[in-house]
Amino acid sequence: MILGALEAGGTKMVCSVGDEHCNVLDRYSLPTRTPEETVPQIIEYFRDKHIEALGIGSFGPVDLNRQSPTYGSITSTPKLAWVNYPLMPALRDALRVPTEVDTDVNVAALAEATMGAAKGLKNCMYVTVGTGIGAGLIVEGNLVHGLVHPEMGHMLMRPAEGDPTPDGFCPYHKGCLEGVANGPAIEKRWGVSAKQLPPDHPAWTVECEYLAQMCMNAIVTLSPECIVLGGGVMQQEHLFPRIRKRTLELLGGYVRTPRIERDIDGYIVPPGLGINSGVTGALLLAQRALQA
Ligand code: ADP
Ligand code: ZN
């Protein structure tokens, strides 16, 4: 059996096929341009792959309310060409297979909880720190959607000591987490791409402060059993020990559990599935679409 997966990102689309165990068999990446240009290319990729179902992990915000007439559409993205674009219906109708959609971070959380770093845990979160910042949540075994879907990347932050631009850059909230800690914010603040900053640059102390504040906020509001940090910025592996240490400091010994106090190295972790968290989660959604 062949399943199809689409990881729809603001920068690139990753198309993939996998087997019935959601092992990734093929990956194909194309740049995200306009729907008119990009969607036919996605359809073309899947056309001869004989997929039996499709799962989509999409950038957002996306309408996930099944009762809504615009279910499966992108809603208010800063990528203007995609505003109100019916991504899921367009692909479902073109490929004529059962199709499910969720946010990119929710599907990554699903994959990490099913077969990655948080395998077997009923409460975990996956955070991507890249062009944007977003979190996917699994609480008591279920993906969280709530009223719309969580937008934890836009939680408000306390200014970090040593941050020369604590006002932040989010067009909606200025100094929210995304506005102070995504890849573009790092570049705006220091005038150098995040990729080029050396590990001993003060930029990383500021970055770790914000990501540790996020971990602290998540721990006291959601009580996850594991926090998986992925995305381009987290390729900087030296951030992990520093975020763990600062999170413990911020918690101040308040949350008493061996998982945090003695095993923080196993608690705040990189994705177990590496770059495949998103497509693997979309394959798991495809499996769900078939069962539904
Ligand atoms: P996207 O968010 O578009 O899915 P990424 O997760 O790769 O893609 O995020 C891209 C952002 O991450 C850019 O702002 C880039 O500067 C930053 N980035 C990518 N790779 C690295 C790296 N190795 N080190 C630091 N920052 C990185
Ligand atoms: Zn914001």
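Here's what I pulled together on the structure shown here. Each residue is numbered by its place in its chain's sequence as written, counting from 1. As a convention, the first chain written is A and the first ligand written is 1, with the rest following in written order. Local features in this predicted model are restricted to residues of pLDDT 70 or higher, and side-chain atom pairs are both shown and tallied only at a pLDDT of 80 or more, whereas totals for entire chains, interfaces and linings draw on every residue. Calculation of side-chain values draws on the structure's entire complement of heavy atoms; hydrogens and water are dropped beforehand.

With respect to the helices and strands, Thr131 occurs in the loop between β6 (124–129) and β7 (133–139). For the exposure calls, accessible area comes from a 1.4 Å probe over protein chains only, and a residue counts as buried if that area is under 20% of its type's maximum, exposed if over 50%, partly exposed in between. What makes Thr131 exposed here is its relative accessible area of 57%. Residues Thr131 and Trp190 lie 59 residues apart in sequence; the distance between their C-alpha atoms is 16 Å. Here, two residues are considered to be in contact whenever any of their heavy atoms come within 4.5 Å of each other. Leaving out residues up to four positions away in the same chain, Thr131 has contacts with Thr11, Asn182 and Pro184. Strands here mean DSSP runs of E at least two residues long; helices mean DSSP runs of H or I at least four residues long; both are numbered from the N terminus.

A few words on the site of ligand 1. Around ligand 1, a shell composed of Thr11, Gly130, Thr131, Gly183, Pro184, Ala194, Lys195, Gly231, Gly232, Val233, Gln235 and Gln236 is seen. Polar contact criterion, stated in full: a pair of N or O atoms within 3.5 Å, where within protein one must be able to donate a hydrogen and the other to accept it, and residues adjacent in sequence count only if both atoms are side-chain atoms. Thr11 is positioned with one of its side-chain polar atoms (N or O) 2.8 Å from an oxygen atom of ligand 1. In the model, an oxygen atom of ligand 1 is placed 2.8 Å from a nitrogen or oxygen of the Gly232 main chain. Only the protein chains shown count as cover for residues, with accessible areas throughout obtained via the Shrake-Rupley method and a probe of 1.4 Å. Coverage of ligand 1 by the protein amounts to 71% of the 560 Å² it exposes when considered alone. By convention in this text, a residue qualifies as near a molecule or strand provided that one of its non-hydrogen atoms is within 4 Å of it.

Below, the discussion takes up the coordination of the zinc ion (ligand 2). Protein coordination at the zinc ion (ligand 2) comes from His154 (ND1), Cys170 (SG), His173 (ND1) and Cys176 (SG), with a distance range of 2.1 to 2.4 Å. Considering all four donor atoms around the zinc ion (ligand 2), the spread of angles at the metal, 102 to 122°, places the coordination shape in the tetrahedral class. Sequence spacing among the residues donating to the zinc ion (ligand 2) works out to H-x15-C-x2-H-x2-C. One end of the pair, His154, is in the loop between β8 (142–143) and α4 (177–181); the other, His173, is in the loop between β8 and α4, and 19 residues separate them in sequence. Water is absent from the atoms considered, so a metal site may look incomplete; donors are defined as N, O and S atoms within 2.8 Å of the metal, or 3.2 Å for Na, K and Ca. Under this scheme a four-donor centre is tetrahedral when all angles range from 85 to 135 degrees, a four-donor centre is square planar and a six-donor centre octahedral when opposite donors are above 155 degrees with the rest from 65 to 115, and any other centre is irregular.

Here we come to the sheet that holds β6. For two strands to be treated as a pair, DSSP must find no fewer than two bridges joining them. Across the sheet, five strands lie side by side as β8-β7-β6-β9-β10; this open sheet has mixed pairing. Looking along the sheet, the strands with just one partner apiece sit at the ends: β8 and β10 (268–269). Axis lines are fitted to C-alpha atoms, over the contacting stretch for helices. Their N-to-C directions set the angle, which ranges from 0 to 180 degrees. Each of β6, β7, β8 and β9 (227–230) is contacted by helix α3 (residues 104–115), which is oriented at about 50° to β7, the strand it contacts most. Contacting β6, β7, β9 and β10, helix α6 (residues 202–222) crosses the sheet at an angle of about 155° to β6.

Further remarks concern the sheet that holds strand β4 (residues 54–58). Spatially, five strands are ordered β3-β2-β1-β4-β5 in an open sheet, and the strand pairing comes out mixed. Unpaired on one side and paired on the other, β3 (24–31) and β5 (99–103) mark the two borders of the sheet. Adjacent strand axes in the sheet meet at a mean angle of 15°, parallel and antiparallel pairs treated alike. Across five bridges, the pairing between β4 and β5 is parallel. If you follow Ser58 over to β5, its bridge partner there is Thr103. Where helix α2 (residues 87–95) meets the sheet, it contacts β1 (3–8), β4 and β5, and its direction lies at approximately 160° from that of β4. Along the sheet, α3 contacts β4 and β5; its crossing angle with β5, the most-contacted strand, is approximately 100°.

Here we take up the packing of aromatic side chains. Only rings of Phe, Tyr and Trp enter the pairing, Trp through its six-membered ring, and a pair is recorded when the two centres are within 6.5 Å. The plane angle decides the type: under 30 degrees is stacked, over 60 is edge-to-face, the rest tilted. According to the stated counting rule, one finds four aromatic pairs in the structure shown. Ring geometry for Phe59 versus Trp82: centroids 6.0 Å apart, planes at 75°, classification edge-to-face. Remark: Trp82 occurs in the loop between β4 and α2 and Phe59 occurs in the loop between β4 and α2; sequence separation between them is 23 residues. In this structure, Phe59 and Trp82 share a single accessibility class: buried. Plain terms: the ring middles of Trp82 and Tyr85 are 5.5 Å apart, the flat faces sit at 80° to each other, and that makes the pair edge-to-face.

Geometric values such as these leave the question of function open.
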